[in-house]
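Structure at a glance
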Amino acid sequence: RIDVGEDVENFTASMTLEEVNGEEYSEARVTNWTKPSSDGMAMIMSKSESSVAFTLNHGRRRTSAAGGVRELTAYMSMLPECQAQGDGAPVGSAVLCCDEWGSSCESCCKETMQGMMVDMMGATVGSPIGTEGLGVTLTDIAGSDGDMDFVAIFDTADEASPRVQAELRVVDGVSTLDFEVNETSNESLITGMAQWEEISGGHSAVVSISERNSVEMLIKAVGAWSETTDAAGLITRTGGGSIHNGSDVLQGGGSGTWTESADGETHTLVWKLYNESQGQFLKGDAHLDLETGAGINLELEPSQEMLVAEIFVEESTNGDIDARAHASFDGAEIVSITGDWDNSIGWGGDLNMTAVIQGDETITALATLTDAIDAKTADLNVATRTEYLIGGFLALSDGGLSSAAPAFVNLTVRQGANASELLAVHGRITNPDYALDTDASRVILMKNPIEAYAHLDLREDDGGSSERMAVVHMNITETEAGNGSIVALDFRLIDGNSTDEIIRVGAACDTSNLTRMGVDAEVHFEHESVLNMSGVLPYQGDYMSGNMEVHVENHTQVISTRISRGFLVQSMKPTGYDALWLNVGTVIDDEVLLNVTDLYIERGPDIAWSGVGWNFAL
C-alpha cells in the first residue's frame with residue numbers, strides 16, 4: 001500500500017513478504033541494503049525472521065489544487081523455484097500459491113512466458129484485453145507449457161489513420177514476432193518478421209522486412225551473440241551478423257569478440273567487417289589497459305593498408321600526467337602528440353602539448369590555469385614553429401573574500417601572427433552575498449541594489465582597431481511603498497557605436513498592498529514598445545494566484561498563474577529544506593493548451609540552491 005500526500009515532498013512505500021514453504025525464501029534471496037541520499041531516491045530494506053520490508057523515499061513533491069491523499073494498493077508475488085519432481089519426491093510436493101482469502105490456489109511455478117504474461121496483465125487466456133485503439137489477446141497453442149500467442153493491435157476508428165498490428169508467438173523456445181504497419185486501416189505499408197531464440201551462453205536472431213503487400217523480401221538481417229566466463233574469470237563476448245538482399249543473397253556482415261579481464265582493468269576487441277559483392281573487408285583490433293593506455297589497429301584488404309593508433313597515459317602520485325599518442329597509415333606516421341600536465345598546489349596547473357603532423361608541421365599548445373587574487377584564470381596559446389595561431393585569456397571571480405567586490409568575467413581571444421585581439425568580453429555583477437540577505441525566518445531581503453555591466457569588443461578586420469559592438473546595463477532596486485515595497489528591474493542593450501538603445505526591459509513587482517501583488521513589465525525595441533505584461537495576484541494563504549495578460553500588438557495572451565508567497569517548508573524533507581513553487585498555464589489560439597506545473601526551486605539548510613524540478617504538458 002502506498003499513501004501519497006498531495007502536499008508533502010516524499011512518500012513512503014512499505015511491503016511485507018511472508019516466507020512460503022519453510023526455508024524456500026532463503027537468506028540469499030534477501031539483501032540488507034541501505035542507500036541514503038539527500039536528494040533523489042533512498043531505499044532502506046530490512047529482514048526479520050519471517051518477513052521483508054522496505055521503505056522508498058523518492059524525494060519529490062506532488063501537489064494539486066484539490067489537496068488530499070492518493071491511495072494506491074498493489075500486490076507483488078515473489079515465487080519460489082519449482083520443486084523437483086524426480087524419483088523420491090513426495091506426491092503433491094509442487095508448491096501452491098493461494099490468494100490472500102484462500103479461495104483460489106494454483107501452482108507457483110510460472111517459469112513460462114505465457115504464465116508470466118498472464119500474471120503480469122491479469123489476463124485470461126483467449127479473452128481480449130483492450131482500451132480504445134489498443135487490443136491485446138493471449139492465445140493458447142497446443143504444445144508444451146512454454147508455448148503462447150500474444151497479439152496486439154493499435155488502430156483507431158478513423159480509417160485514414162495508420163494501423164499497427166503485432167503478433168508474438170513462442171513455440172518450443174523460439175520467439176517469433178510478426179508485425180504489419182499500414183499507412184491506413186486498409187493499405188499495408190510494410191510487413192516484417194523477427195525471430196530469436198536462446199542458444200548456449202546467448203541468443204540468435206533473424207529480422208526480415210517486406211514492402212506493402214509484396215511477398216518479396218526487402219532486406220534480412222541475421223545475428224547471434226553469446227558470453228562465456230572461464231575459470232580465471234576472463235569474460236569473452238562474441239557477436240556476429242549478416243545482411244541479405246531481397247533474394248536472400250549475402251551482401252555483407254561482420255563479427256567481433258570482446259574480452260575483459262577478471263579485474264576489469266584490461267579490455268580487448270577484435271572485429272571484421274566485409275562487403276561480399278566487392279570482396280573487401282575491414283578488420284582491426286583495439287586494446288585498453290587502465291594502467292598504461294590504449295591502442296587501435298585497422299587493416300583494409302585487399303590493399304593491406306593499415307591504420308595504427310596508440311595512446312599511453314601515466315599519472316604520478318602528485319597528480320602530474322604524461323601522455324603520448326601517435327597514428328600511422330600504411331607505415332607512415334600521420335601525427336604524433338606528446339603532452340604533460342604539471343599539477344599546482346591548490347587549484348590549477350600547466351599544460352604543455354606538442355603535435356607533429358606528417359613529420360613536418362609542428363603545433364605547440366601551452367596552457368596555464370591559476371587561482372590568484374580571488375579569481376580563477378586560464379591562459380591558452382597555440383602556435384606553429386613560425387607563426388602564432390590563436391590564443392585566449394579567461395578570468396572568473398565570484399567576488400572573493402570581499403563581499404562588496406563584484407563577481408566578474410573577462411575574456412580575450414587573440415589570433416594571427418601578431419597575436420592581435422580578436423574579441424574582448426567584460427562583465428560584472430554585484431556579489432549576491434552583498435546584495436541579498438535572509439532573516440531569521442529565511443525570508444530573502446535586499447540589502448543593496450544589484451547592478452550589472454558588460455561590453456563586447458570586436459576587431460573590425462586583420463590589423464584594424466577594436467570596435468565596441470554592444471553594452472549591457474542592468475539594475476535591480478527595492479523601494480519601500482505602503483505596506484511593502486516595489487522591486488524594479490531595468491535592463492538595457494545599447495549599440496556600442498551610436499549609444500542608441502537597442503532593447504530596453506522594465507519590470508516591477510508591487511507588494512505595497514496587504515491583499516495582493518501587482519506585476520508590470522514592458523519591452524522596447526529601438527524605442528518602440530513591442531510587449532506589455534500586467535496582472536494582479538490576490539493572496540490565498542501561502543500562495544497567490546490570478547491571470548497575467550501579455551499584449552503584443554493586437555494580440556492578448558492570458559496566462560493563469562499560481563505562485564507561492566516565498567519559500568515554503570518542505571515538511572517531508574529534513575529540517576532546513578524549503579522551496580519556491582510556480583504553476584502557469586495558457587491556451588494559444590483556442591487550439592494549444594500549455595501547462596508548466598510544480599516548477600520548484602529548492603534551498604537546503606545552508607540556504608543554497610539544492611534542487612529544481614517541473615512538469616510540462618502540451
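Now for a description of the structure that goes with this document.

Reading guide: rules and limits
- Residues numbered from 1 in each chain as written.
- Predicted model: local features only at pLDDT ≥ 70, side-chain atom pairs only at ≥ 80, totals over all residues.
- Heavy atoms only, no water.
- Helix = DSSP H or I, 4+ residues; strand = E, 2+ residues; numbered from the N terminus.
- Buried < 20%, exposed > 50% of the residue type's maximum accessible area, 1.4 Å probe, protein only.
- Contact = heavy atoms within 4.5 Å.
- Salt bridge = Lys/Arg side-chain N within 4 Å of Asp/Glu carboxyl O.
- Phe/Tyr/Trp six-rings, centres within 6.5 Å; stacked < 30°, edge-to-face > 60°.
- Lys NZ or Arg CZ within 6 Å of the ring centre and 35° of its normal.

Some points on the overall build of the protein
Counting its regular elements, the protein contains two helices and 45 strands. Here the protein holds 618 residues, and 25% of them are scored as buried. The long-range fraction of contacts in the protein, counting pairs at least 24 apart against all pairs at least 6 apart in sequence, stands at 27%.

Re the pattern of salt bridges
Pairs can form between side chains of opposite charge once their charged atoms are near each other. Under the definition given, this model contains twelve salt bridges. For Arg468, the salt bridge identified is with Asp457, shortest N-O distance 2.8 Å. Highlighted residues: Arg468 in strand S35 (residues 466-481) and Asp457 in strand S34 (residues 450-459), separated in sequence by eleven residues. The buried category is assigned to Asp457, whose relative accessible area is 11%. Notably, a salt bridge pairs Asp578 with Arg603, separated by 2.7 Å at the nearest N-O pair. Placement of the pair is Asp578 in strand S43 (residues 578-588) and Arg603 in strand S44 (residues 592-603), with a sequence separation of 25 residues. Like Asp578, the residue Arg603 is buried in the burial classification.

Considerations on the packing of aromatic side chains
Taken as a whole and judged by the stated rule, the model has one aromatic pair. Geometrically, the ring pair formed by Trp581 and Tyr600 is tilted, given 5.0 Å between the ring centres and 35 degrees between the ring planes. Highlighted residues: Trp581 in strand S43 and Tyr600 in strand S44, separated in sequence by 19 residues. Considered together, Trp581 and Tyr600 belong to a single accessibility category, that of buried residues. Lying over the aromatic face of Tyr543, Arg562 brings its terminal NZ or CZ to 4.0 Å of the ring centre. We note Arg565 situated over the ring of Tyr539; from NZ or CZ to the ring centre the distance is 3.8 Å.

A short note on the environment of Gly392
The residue Gly392 is located in strand S29 (residues 388-397) in this model. The class for Gly392 is buried, based on a relative accessible area of 15%. Separated by 31 residues in sequence, Gly392 and Leu423 have C-alpha atoms that sit 9.5 Å apart. Those residues in contact with Gly392 that sit more than four places away from it in its chain are Ala378, Asp379, Leu380, Thr412, Val413 and Arg414.

Distances and angles like these do not, on their own, reveal function.
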